[in-house]
Protein chains: 2
Amino acid sequence: MFKKLAFTQRRFLNMSLDSSKLVINKTTTPKTKLPNDELVFGKSFTDHILEVEWTAQEGWGTPKISPYHNLSLDPSAVVFHYSFELFEGLKAYKDDNGDARLFRINKNMERMSKSANAIDLPAFDKEELAKLIGKYVEVEKDFIPKGNGYSLYLRPTMIGTTPSLGVATPDKALIFVIASPVGPYYKTGFKAVSLQATEDHVRAWPGGSGDKKLGANYAPTIKPQRLAAEKGHQQILWLFGEEGYVTEVGTMNVFFAFQKPNGKKELVTAPLDGTILEGITRDSILELCREKLGDEWEVSERNYTIHDVKKAADEGTLIEAFGSGTAAIVSPVNNIEFRGENIKVPTSEGETGEVTKKVLQWINEIQYGKSQFKNWSTLTKDL
Amino acid sequence: MFKKLAFTQRRFLNMSLDSSKLVINKTTTPKTKLPNDELVFGKSFTDHILEVEWTAQEGWGTPKISPYHNLSLDPSAVVFHYSFELFEGLKAYKDDNGDARLFRINKNMERMSKSANAIDLPAFDKEELAKLIGKYVEVEKDFIPKGNGYSLYLRPTMIGTTPSLGVATPDKALIFVIASPVGPYYKTGFKAVSLQATEDHVRAWPGGSGDKKLGANYAPTIKPQRLAAEKGHQQILWLFGEEGYVTEVGTMNVFFAFQKPNGKKELVTAPLDGTILEGITRDSILELCREKLGDEWEVSERNYTIHDVKKAADEGTLIEAFGSGTAAIVSPVNNIEFRGENIKVPTSEGETGEVTKKVLQWINEIQYGKSQFKNWSTLTKDL
């Protein structure tokens, strides 16, 4: 009974995040902004950091925007030992009016909340955190580079900070948000990538946490990724099971397009079965393609295997393939090495396929506020 | 070719760890040592921290022992985002001569090296790190509590510190070692635990990294562990696959003892198939039991299922079960909840079984230098 009361109490405290309490302490030594052509993903950061501390006793504390600074943590903090860490990635765009826009931030907040729940980090009010991020973007607005493909990458992060080596639910945590100005993934137009399909390494498993955006899902993928790169491939294609199910590519979701015997075309991605990251770009592509591709296309979330892909390539019914994620939006594929053989993937329009190209354009236009689709693009000043 | 040269170069730099370069800067404000009865695992720490920085360009830097202090890291450091982190756990014991002893530290160094390799963190000279840890223990010797069951828990840790959000092999890293004085796991004799067998959550899988001591393997286990605790169980029993293979218990390896139809007894633990942590206590128990239990016992590393355990319990051929790990050495089990039913596990000697009790005694005697077994106990002054 005591435990149940304590848990209810804790839920209440966890929802105490309050954006109206935000304290802003601006830097007196602003950084010089880099020219657009010197921007490298995640290497340079803006002038400030947004932070909110949480304790099991007090709930969420005062949100603070202060000059970008190192985090100072006890070496026993659980984030260093047991991977109590999760993150989100989203971008702020500058529209033609000079206003800052965010793309589907509610989806990031939902996913962040699920990630926290998966590793017993605290709950938080999702709308309040979205508001805080909006205010943070307003403070950093001058760091949003102008131009198509340019944006300010935002990295909301939550870590467990309890200074104790006991493996247990953390009683201290920190949300922080940092931001890095970034350029277009493809500076000179599309560049198709070659994939190495792997059967030796398995990214995620039913009953595991591969569908959450936890730090834990990333470090173990780096060595196979590096080995693939040393063989001349840009990304790993993650397979699952003896059947060789296609799951993800690198740190992206993946789509394949097939010509079907009934004359239709099918755009396919793996279903959200607990082993697939719930990509917001993935979700957006599904929704946009269902609405815009037209009657000749079917859009499916279903299981398919590397053998299906190889057979389609052999028979000439493979149309195209691409990865999807926040960084690149879409990343066209032109080759897959599988068991020592190369499966050639068509790129009908030079370095990309038709759907890949359309998807990039549709999403870009929404992100920069050039076209409206539902309420996917939000002005930060309205948050 | 350039890449290969670079890699060879890097291997050389990685092996540059040199214990003779150690710089010691002792605290001028030593902490008051806690009395033995106030020691809590991993909550209080000694006066100093051992640190060595690494960069891809320079290899390992100067090892330093300095006053215990917070780590100051850029918020973009890869350890916070992608779980570039691994650790070891081992203990220093004070023997009857007042000398400090370590138990099989070479095994910890081997495993730490494998963990680093698994997530593309740098290699290091294992003997040199063991020497540094020996010197660190000598500095902290007064913090090793006296008495059977008391020890100084050591936590060697390696983290990636590259300040960049790119998901890639880190080019900066840090080894640090901290130490926490700890008391016996069972202050008033053995206390048997109840387990919750889970089929919903999977700790590790083939092609994953569950056999390495990565932070990534811990955070995802906490929520099922808490839910089991709320139902009155102390630990999770991790099963694998439709067959219900028994793999580990909580953060420990697990052993079961069965009476066999041929009149012999069998002590069983799961084989090291890539999903089982290569426990040093596990390995020590296997070796000691093979040598000391006698002819009536068979000691096996083989797959077995929760159904085998239930059947043996039903038929009266289940003898005992225990978890094994550095913290408790052994942890006797008296109950397993599986699909809503309780499997009663015998504890022939009150709160423990016969083998569990023997194993604890054997290992304790070696750890405190009261008996010799191979070269398993090392005086830190000899390292």
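Only a predicted model underlies this, so the values are computations on that prediction, with no experimental measurement involved. Just so you know, the residues in each chain are numbered from 1, in the order the chain's sequence is written. Both sets of labels track the order of writing: A upward for chains, 1 upward for ligands. A pLDDT threshold of at least 70 governs which residues receive local features in this predicted model, and a stricter bar of 80 or more applies before side-chain atom pairs are shown or counted, although totals over entire chains, interfaces and linings include all residues. Hydrogens and waters are ignored; side-chain quantities use all the structure's heavy atoms.

### Structural notes on the overall build of chain A
Part 1 of the argument: To qualify as a helix, a DSSP run of H or I must reach at least 4 residues; to qualify as a strand, a run of E must reach at least 2; elements of each kind are numbered from the N terminus. Within chain A, the secondary structure is distributed over eight helices and 20 strands.
Part 2 of the argument: Computed over C-alpha atoms, the radius of gyration of chain A comes to 22 Å, within 12% of the 21 Å expected from 2.2 N^0.38 for 383 residues, which places it in the range of a compact globule.
Part 3 of the argument: Overall size of chain A, expressed as C-alpha extent along the three principal axes, is 65 × 50 × 40 Å.
Part 4 of the argument: Split into buried and exposed, the 383 residues of chain A put 59% on the buried side.
Part 5 of the argument: Pairs at least 24 apart in sequence give 73% of the contacts found in chain A among residues at least 6 apart. Taken over C-alpha atoms, the radius of gyration is set against a globule rule of 2.2 Å times the number of residues to the power 0.38. Exposure classes here rest on a 1.4 Å probe applied to the protein chains alone. A residue is buried below 20% of its type maximum, exposed above 50%, and partly exposed in between. In what follows, a contact means two residues having at least one pair of non-hydrogen atoms within 4.5 Å.

### A few points about helix α8 (residues 354–367) of chain A
Residue and element names in this part refer to chain A.
Part 1 of the argument: Here α8 contains 14 residues, and its C-alpha end-to-end distance of 20 Å stays within 8% of the 20 Å for a straight helix at 1.5 Å per residue.
Part 2 of the argument: Listing the buried residues of α8 in full gives V355, T356, V359, L360, W362, I363, N364, I366 and Q367.
Part 3 of the argument: Within two residues after α8, G369 carries a phi angle of roughly 75°, on the positive side. Expected helix span is computed as 1.5 Å times (number of residues minus one).

### Topic: the packing of helix α3 (residues 105–118) of chain A against helix α4 (residues 126–139) of chain A
All names here are of chain A.
Part 1 of the argument: Axis definition: a line fitted to C-alpha atoms, limited for helices to the stretch in contact. Angles are taken between N-to-C directions and run from 0 to 180 degrees. Where α3 contacts α4, the axes come no closer than 9 Å and their chain directions differ by 125°. On the basis of the axis angle, α3 is oblique to α4. As α3 runs across α4, the sense of the crossing is right-handed. Along its contact with α3, which presents I105, M109, E110, M112 and S113, the element α4 presents K126, L129, A130 and I133.
Part 2 of the argument: Only Asp, Glu, Lys and Arg are considered charged in this grouping, and only Ala, Val, Leu, Ile, Met, Phe, Trp, Tyr, Cys and Pro are considered nonpolar; every other residue, Gly among them, is considered polar. The residue inventory of the contact of α3 with α4, partitioned by class, reads six nonpolar, one polar and two charged. Note that the term roughly parallel is reserved for angles under 35 degrees, roughly antiparallel for angles over 145, roughly perpendicular for angles of 65 to 115, and oblique for everything else. Crossing handedness follows the turn of the near helix against the far one: under a right angle anticlockwise gives a left-handed crossing, and clockwise gives a right-handed one.

### Topic: the nonpolar core
Part 1 of the argument: Counting residues in each nonpolar core, the largest one holds 119 residues, and the members touching the most others are F80, I133 and L154 of chain A together with F80, I133 and L154 of chain B.
Part 2 of the argument: Setting aside its immediate chain neighbours within four residues, I133 of chain A contacts L50, L102, I105, M109, L154, P156 and V177 of chain A. Here, nonpolar core refers to any group of buried Ala, Val, Leu, Ile, Met, Phe, Trp, Tyr and Cys residues whose side-chain atoms link them within 4.5 Å.

### Some words on the packing of aromatic side chains
In this description, an aromatic ring pair is defined by two values, namely the gap between the centres and the angle between the planes.
Part 1 of the argument: To pair, rings of Phe, Tyr and Trp, with the six-membered ring standing in for Trp, must have centres within 6.5 Å; the planes then decide the type, stacked if under 30 degrees apart, edge-to-face if over 60, and tilted in the middle. For the coordinates displayed, the defined rule picks out 32 aromatic pairs over all chains.
Part 2 of the argument: Taken together, the ring pairs in this structure connect F80 and F176 of chain A together with F80 and F176 of chain B into an aromatic cluster.
Part 3 of the argument: Think of it as a cone above the ring: NZ of Lys or CZ of Arg counts as a charge over the ring if it is within 6 Å of the ring centre and within 35 degrees of the ring normal. In this structure, R104 of chain A packs its charged tip against the face of W376 of chain A, placed 3.9 Å from the ring centre.
Part 4 of the argument: Between the NZ or CZ atom of K31 of chain B and the centre of the ring of Y68 of chain B, over which it lies, the distance is 4.5 Å.

### Let's talk about the interface of chain A and chain B
Part 1 of the argument: Each partner contributes residues to the interface: chain A has 63 residues there, and chain B has 62 residues.
Part 2 of the argument: Put simply, buried area is the surface a 1.4 Å probe can reach on two separate parts but cannot reach once they are joined, added for both. Buried surface at the junction of chain A and chain B, summed over both partners, amounts to about 5100 Å²; 59% is from carbon and sulfur atoms.
Part 3 of the argument: Any Lys or Arg side-chain nitrogen found within 4 Å of a carboxyl oxygen on Asp or Glu counts as a salt bridge. Of the charged contacts in the structure, one is a salt bridge between R226 of chain B and D120 of chain A, with a shortest N-O distance of 2.6 Å.
Part 4 of the argument: A 3.5 Å cut-off defines polar contacts: any pair of N or O atoms within that distance qualifies, except that in protein one atom must be a possible hydrogen donor and the other a possible acceptor, and neighbouring residues in sequence count only when both atoms are side-chain atoms. Counting across the chain A and chain B interface gives 32 residue pairs in polar contact (both at pLDDT 80 or more).
Part 5 of the argument: Secondary-structure elements contributing two or more residues to the side of chain A that touches chain B are α1 (2–14), β5 (71–73), α2 (78–81), β6 (85–87), α3, β9 (151–160), β10 (172–182) and α5 (222–230) of chain A.
Part 6 of the argument: A per-element tally of the side of chain A that touches chain B places α5 of chain A first, with five residues.
Part 7 of the argument: Here the side of chain A that touches chain B is built from residues that sort into 34 nonpolar, 18 polar and 11 charged.
Part 8 of the argument: At least two bridges found by DSSP between two strands is the condition for calling them paired. Relative to strand β5 (residues 71–73) of chain B, β5 of chain A runs antiparallel, the two being bridged by three bridges. In the strand pairing of β5 of chain B, S72 of chain A is matched with S72 of chain B.

### Examining the environment of K141 of chain A
All names here are of chain A.
Part 1 of the argument: The topology assignment puts K141 in the loop between α4 and β9.
Part 2 of the argument: With 63 residues separating them along the chain, K141 and A204 place their C-alpha atoms 37 Å apart.
Part 3 of the argument: Residues within four places of K141 in sequence aside, it is in contact with K94, G98, D99 and A100.

### With respect to the side chain of S324 of chain A
Part 1 of the argument: Structurally, S324 of chain A can be placed in strand β17 (residues 318–325).
Part 2 of the argument: For S324 of chain A, a relative accessible area of 2% translates into the label buried.

### Regarding the relation of the copies chain A and chain B
Part 1 of the argument: Overlaid copies result from least-squares superposition on C-alpha atoms, with residues included only where pLDDT is at least 70 in both. Under the fitted operation, chain A is carried onto chain B by 0.0 Å of movement along the axis and a turn of 180°, and the coordinates agree to an RMSD of 0.0 Å. Taken together, the turn and the small shift mark the pair as related by a two-fold rotation axis.
Part 2 of the argument: A shared binding surface is used by both copies, with 97% of the interface residues of chain A retained as interface residues in chain B.

### So, the packing of helix α6 (residues 280–292) of chain A against α8 of chain A
All names here are of chain A.
Part 1 of the argument: Where α6 meets α8, the closest approach of the two axes is 10 Å, and the angle between their N-to-C directions is 105°. If you check the angle between α6 and α8, you find them roughly perpendicular. Here T281, S284, I285, L288, C289 and K292 of α6 lie close against α8, whose contacting residues are V355, V359, W362, I363 and I366.
Part 2 of the argument: Among the residues forming the contact of α6 with α8, the class breakdown is eight nonpolar, two polar and one charged.

### Remarks on the confidence of the model for chain A
For any part of a model where pLDDT is low, the fine detail of the predicted coordinates should not be relied upon.
Part 1 of the argument: Predictor confidence is given residue by residue as pLDDT, running from a minimum of 0 to a maximum of 100. Counting all residues, the mean pLDDT for chain A is 95, and 97% of those residues have values of 70 or more.
Part 2 of the argument: Quick note on the complex model: pTM equals 0.96, ipTM equals 0.96.

### Considerations on the pattern of salt bridges
All names here are of chain A.
Part 1 of the argument: Scanning the entire structure with this criterion turns up 50 salt bridges over all chains.
Part 2 of the argument: Linking D99 and K381 is a salt bridge whose minimum nitrogen-to-oxygen distance equals 3.1 Å. A residue pair is termed long-range when its members are at least 10 positions apart, and D99 in the loop between β7 (90–94) and β8 (100–103) and K381 in the segment after β20 (377–379) qualify at 282 residues.
Part 3 of the argument: We classify D99 as buried; its relative accessible area is 12%.
Part 4 of the argument: Among the ionic pairs, E230 bridges to R226, the shortest N-O distance being 2.9 Å. With a gap of four residues between them, E230 and R226 both fall in helix α5, about one helical turn apart.
Part 5 of the argument: Here R226 falls in the buried class, since its relative accessible area comes to 17%.
Part 6 of the argument: Put simply, D99, K141 and K381 are held in one network by salt bridges that share partners.

### Things to note about unusual backbone geometry
Part 1 of the argument: Of note in this structure, D120 of chain A is not a glycine but carries a positive phi near 60°.
Part 2 of the argument: Here D120 of chain A lies in the loop between α3 and α4.

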